[in-house]
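Notes for the structure review
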2 protein chains.
Amino acid sequence: MFSKLKKIFIGQPLKSGDEGDEGHLLSKLQALAMLSSDALSSIAYGPEQVVLVLVSVSAGAIWWSLPIGLVVLVLLTSLTISYRQVIHAYPQGGGAYMVTTENLSPNLGLVSGGSLLVDYMLTVAVSVASGADAITSAIPALHPYNLHIAVFLVLGLMLMNLRGLRESATSLMIPVYLFIASTIFLIGFGLFQLLTGHLPYHATSHIGQTIPGVTVVLLLRAFTSGSASLTGVEAISNAVPFFKAPKAANAAKTLAIMAAILGFLFAGITFLNYWTGIVPVKGMTTLAQMAQAILGSSPIGRLLFYIFQLSTALILAVAANTGFSAFPMLSYNMAKNKYMPHMYMEKGDRLGYSNGILTLAFGAIVLLLIFEGSTESLIPLYTIGVFVPFALSQTGMVIHWKKQYGKQFLKHSLANILGAAICYTIVGILLLFRLGAIWPFFPIIAALMWLFLSIKNHYNKVALQLRLDEDIERIDFAGNTVLVLVGNVTRVSVGAMNYARSIGNDIIVMHVSTKETQEKDREVAREFQEYFPDIQFTNIETSYRNIIRPTLRYVDRIAREAEKKGYTVTVLVPQFIPNHQWQNILHNQMSLKMKYYLKWRENVVISSYSYHLKE
Amino acid sequence: MFSKLKKIFIGQPLKSGDEGDEGHLLSKLQALAMLSSDALSSIAYGPEQVVLVLVSVSAGAIWWSLPIGLVVLVLLTSLTISYRQVIHAYPQGGGAYMVTTENLSPNLGLVSGGSLLVDYMLTVAVSVASGADAITSAIPALHPYNLHIAVFLVLGLMLMNLRGLRESATSLMIPVYLFIASTIFLIGFGLFQLLTGHLPYHATSHIGQTIPGVTVVLLLRAFTSGSASLTGVEAISNAVPFFKAPKAANAAKTLAIMAAILGFLFAGITFLNYWTGIVPVKGMTTLAQMAQAILGSSPIGRLLFYIFQLSTALILAVAANTGFSAFPMLSYNMAKNKYMPHMYMEKGDRLGYSNGILTLAFGAIVLLLIFEGSTESLIPLYTIGVFVPFALSQTGMVIHWKKQYGKQFLKHSLANILGAAICYTIVGILLLFRLGAIWPFFPIIAALMWLFLSIKNHYNKVALQLRLDEDIERIDFAGNTVLVLVGNVTRVSVGAMNYARSIGNDIIVMHVSTKETQEKDREVAREFQEYFPDIQFTNIETSYRNIIRPTLRYVDRIAREAEKKGYTVTVLVPQFIPNHQWQNILHNQMSLKMKYYLKWRENVVISSYSYHLKE
């Protein structure tokens, strides 16, 4: 049943070897679709955030979005150059976590890694909630089901990712390229209209005009809000192993292409917003207002407007997918370093890291349910969660170049130094002016650090306990005592006895007799002796209904006796295996229970003799 | 973690032997509280159902509720006598299911059993939903949370029942006796007022008056609605083993006491309703209107009114508990006859049949969620589900007496014949006049029958396959081949090797080497040879990442070779057991996975060598 459902939703299991073929690796076009939606979709709200802060003083302050936009573009350029260097220096993926761990310190690496893990959950929650908003804005009838749609989207993305990478990327290419194409068209058409004089100049004030109330603090806040557009830029550097060979070169090219598109869209939208003088209003985004102003109200214009709105909605939903490729990869790297459970290193039936995918979906759904409707309040948290690892990895790259080039490191690390400076500035501004919104970042990171270190500590302790000392003994036992647990005399118990006699020097058969079954038990003893008259049959009488405790007591006695003789002890549990797995539910799980309790006994080896039913 | 939570909610596990002491068995007073709430709570809606049908013609038809009430009382008397006979004839419990199976046919027994199982789920769902309604009628602010309260009540009852019988009964005594006392007080005070002339005669018509439109069909429908008050009467006969000795006598006495109380309450309410001339209105039950009329509007009268309403609400919530004692007992009996999975025969930590309790709670919650708010539509279904097994068990009792007394059976079975006749009549009326509401009964019962018979068939097939034929061979194997799976050389693998040498004639060590780990693997081989130079170490190279398939292939090869030599094969899987159970989540479950796949291999015995960590 379950496995059939799984096949329908997840697909046939793939052979592990299939991983080796190129089929599941990403071409540049696919990778761009898969890894850039987070960054590109920020365009839908990033420029608006800048304008929102500025108009809090006066609509005339909007012209300041142009110089702020320039700084954001500088930041983008510096981050791009910097992450290209990360890709070449760390082709195995890992991004900020790896760079920080190797160049600064493992503990700072954990800060990076922990921030990013939480951030991917936030990305999924925020993007999916915004995507649901966009959908329900287009179809107002669906509005009451906003949260349902968001959760459904998470589950849909989860299933796509469990199916495997290639299918995911293919199905995601359409929305991403639709968004890129329609936004480039919008900007291009806007500029064409402007140059042919069909887009009138409505700016709220001229560039350079002095606006009372504009302070440095205001501009800094506007800048940090705009820099939210740059979240997601690091995704490609975490996913280098997914690229087709030459992996690093392809990843670097993809990053450059993405940055160019992102920069063009950001610049174009910021400029056209200034030119058309659009001011934020409730119920319609500035981007939608601008699209309406540019496309006009002719029937074809309205059609294009709806297509543009649809593509915005789709890319927001798809942006969540970035998290689904980055989170499992990062948890794999952290698990490899023993900071997360080993299970994040296991590949699922379709060669994805299923546990990472499931954990992310679970976390995002929990976030959606907790912050139902108020995901906007998560955005500052999300920004600090991105820029702390950004800053750390830029710093790490500077150290990296210093190690590699010694005193000539400066010319290699100019991009990184500039990037780091901007990132630290953003973190500083967030700390100074947004502390009320970002404080949960600190306890969460502290808790994650504690968790990571405890896990590492546990693994280290285990390794220490398993390590062989010089003086470890090779023990030559004198023989083996086999204790066979027999409930009744069937083909199962006879088969188990035949096996027991092939491995044991001493063979003891034990049967537990309860008050209620005494009569049947005498019959069992008689039947057994008929088949195996030469074997010791011990009947333990108990006044309890439970047969586990008397069994354990007897096992302990046998173990003590065997130890005196220098024998090992095998407890043989006979069981039968039904023909269909679901039939197990119909059978008394006594043998499982027994094995569970016996597992805690030392110096006893538990064996299962399985008799297979044919019908 | 889980076990701590379990202790808080369920209590410390009890020794199995504790069952034997009298502490967990029920005294008559406790049993009355525990087993009668279903029947007694029907008083809250049964008489009203009769009046509802009658006033559909005219308010004047209400006087007919008196003769109909008399027929209900006759039915009650006959059912009581009949079930007293069931108790004495079947002191091991089982009720309608046992009686029908033994006296009519096993298949009709399954119809009885299946109906009752579904019915207990309906009891829980209907009672709990009505209880929630009563609560929210008292505290209107809670009204939006009706469904939440109902689900919460089911979970509460489930936990109480998982804690064990005695505690449940003790905590349930208060609401049941509060309801009995307050209703008897209400009726007694009403009659006192009536006799002292303070309760004016307001009947809508005199007894015997001819009301146009009253037909036989109408009276029959009214009668079947009234007989819904008798659901739950059979509960005591299913639960005889829970009584203190002398079990049967105590159970029979308890049944008689309950029937007397039920009859008195039913008669009193029906009569006072006629006398005060109360007509159903929306938003207030007839019982509540009657209580208000009798108790008056003085401050003390209003206080008593609230107490009465509270006790009604409480007993409805508690009525659901009847299902929680009857369902697990019935599923135990059906599992004993192999019609239900064995797991329903297992006792939990607190000596209750946990699986039955959990199944019932799950089913009731599903019903609540499906029929959210419209539980009234379930009541006809509930009635047919009760009266089909009633009718079958009454018929079964007639056969029982015939077997026992031969030709003189008539005088012993008068009560049963009358009861059966009335029950068949009710079923007939339901079929004729309520088919639209009761049809789901038939597909449900058909599906359950199929399930029961499939389960039985499976158990029979298994028993047949396990049975020893005369010619079953005792095989003397020549020796044993042990295949030890070694991942790396640690204390675990060295311990496993020591054990393997104590049981094996041939010992083979196998290690799987993947492309990614070749270097490490050479180290493992070298280290191993250092410790055990005399043991064959086989390194299987695989181009896959997955190590399970090459392992299985090699196991198959070894098994074939061993078979030629007349050897048995043991696959030894070394593993370590962490000091705390939760730490298992941190470890690669490869040994579990391996054992799972190996289980499907025949002629291979799987052994686990467990090394126990201390920290």
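Everything here concerns the structure above.
Description of the structure in this document. (Residues numbered from 1 in each chain as written. Chains lettered and ligands numbered in written order. Predicted model: local features only at pLDDT ≥ 70, side-chain atom pairs only at ≥ 80, totals over all residues. Heavy atoms only, no water.)

**Overview of the overall build of chain A**
- Looking only at helices and strands, chain A features 23 helices and 5 strands.
- Of all 615 residues assigned to chain A, the portion counted as buried reaches 55%.
- Here the analysis covers contacts within chain A between residues at least 6 apart in sequence; of these, 80% occur between residues at least 24 apart.
- Per element, the accessible surface of chain A, about 26,200 Å² overall, is 64% carbon and sulfur. (Helix = DSSP H or I, 4+ residues; strand = E, 2+ residues; numbered from the N terminus. Buried < 20%, exposed > 50% of the residue type's maximum accessible area, 1.4 Å probe, protein only. Contact = heavy atoms within 4.5 Å. Areas by Shrake-Rupley, 256 points an atom, 1.4 Å probe, with all protein chains shown as cover.)

**Considerations on the pairing of strand β1 (residues 479–485) of chain A**
Residue and element names in this part refer to chain A.
- The buried count for β1 comes to 7 of 7 residues, which makes it a mostly enclosed element.
- For β1 and strand β4 (residues 567–577), the ladder comprises 6 bridges, and the chain directions are parallel. What sits directly across from Gly479, in β4, is Tyr567.
- Traced from β1 through helix α20 (residues 491–503) to strand β2 (residues 506–514), the parallel crossover comes out right-handed. (Pairing = 2+ DSSP bridges. Right-handed = clockwise from strand over helix to strand, strands pointing away.)

**Considerations on empty space enclosed by the protein**
All names here are of chain A.
- Counted under the stated rule, the structure contains 7 cavities of 30 Å³ or more.
- One number sums up the size of the largest cavity: a volume of about 120 Å³.
- Lining the largest cavity are 17 residues, with Pro47, Glu48, Val51, Ile269 and Thr270 positioned closest to its centre.
- For the lining of the largest cavity, the secondary structure elements donating two or more residues are α3 (46–55), α4 (65–89), α11 (247–276) and α12 (286–295).
- A per-class count over the lining of the largest cavity returns 11 nonpolar, 5 polar and 1 charged.
- Size it by volume and the second largest cavity reaches roughly 90 Å³. (1 Å grid on protein atoms, 1.4 Å probe; cavity = no way out; pocket = protein on both sides within 12 Å on 5 of 7 lines; lining within 4 Å. Points joined across faces, edges and corners; volume = space filled by probe spheres on them. Nonpolar A, V, L, I, M, F, W, Y, C, P; charged D, E, K, R; others polar.)

**Digging into the side chain of Ser78 of chain B**
Residues and elements named next belong to chain B.
- By the secondary structure assignment, Ser78 is in helix α4 (residues 65–89).
- Exposure remark for Ser78: the relative accessible area of 5% places this residue in the buried category.
- Those residues within four positions of Ser78 in sequence are excluded, and the remaining contacts are Ala415, Leu418 and Gly419.

**Some words on the packing of aromatic side chains**
Residue and element names in this part refer to chain A.
- One pass over the structure, following the stated rule, counts 27 aromatic pairs over all chains.
- Taken together, Tyr201, Phe271, Tyr274 and Trp275 form an aromatic cluster joined through their ring pairs.
- Sitting over the face of the ring of Tyr459, Lys338 holds its NZ or CZ atom 5.8 Å from the ring centroid. (Phe/Tyr/Trp six-rings, centres within 6.5 Å; stacked < 30°, edge-to-face > 60°. Lys NZ or Arg CZ within 6 Å of the ring centre and 35° of its normal.)

**Comments concerning the environment of His612 of chain B**
- Mapped onto the secondary structure, His612 of chain B falls in strand β5 (residues 605–612).
- Sequence separation between His612 of chain B and Val492 of chain B is 120 residues, and the spatial gap between their C-alpha atoms is 8.8 Å.
- In contact with His612 of chain B, not counting residues within four places along its chain, are Lys599, Trp600, Arg601 and Glu602 of chain A together with Ile577 of chain B.

**So, the pattern of salt bridges**
- Counted under the stated rule, the structure contains 12 salt bridges over all chains.
- Close ionic contact of Lys565 of chain A with Asp506 of chain A constitutes a salt bridge, the shortest N to O distance being 2.2 Å. Taken as a pair, Lys565 of chain A in helix α22 (residues 548–565) and Asp506 of chain A in strand β2 lie far apart in primary sequence, 59 residues in all.
- Take Lys565 of chain A: its relative accessible area is 43%, and that puts it in the partly exposed class.
- In this structure Asp506 of chain A comes out as partly exposed when scored by relative accessible area, which is 24%.
- The residue Glu523 of chain B makes a salt bridge to Arg526 of chain B at a minimum N-O spacing of 3.0 Å. Taken together, the residues Glu523 of chain B and Arg526 of chain B, both in helix α21 (residues 518–531) and 3 residues apart, mark about one turn of the helix.
- Among the ionic contacts, a cluster of salt bridges with common partners joins Glu523, Arg526 and Glu530 of chain A. (Salt bridge = Lys/Arg side-chain N within 4 Å of Asp/Glu carboxyl O.)

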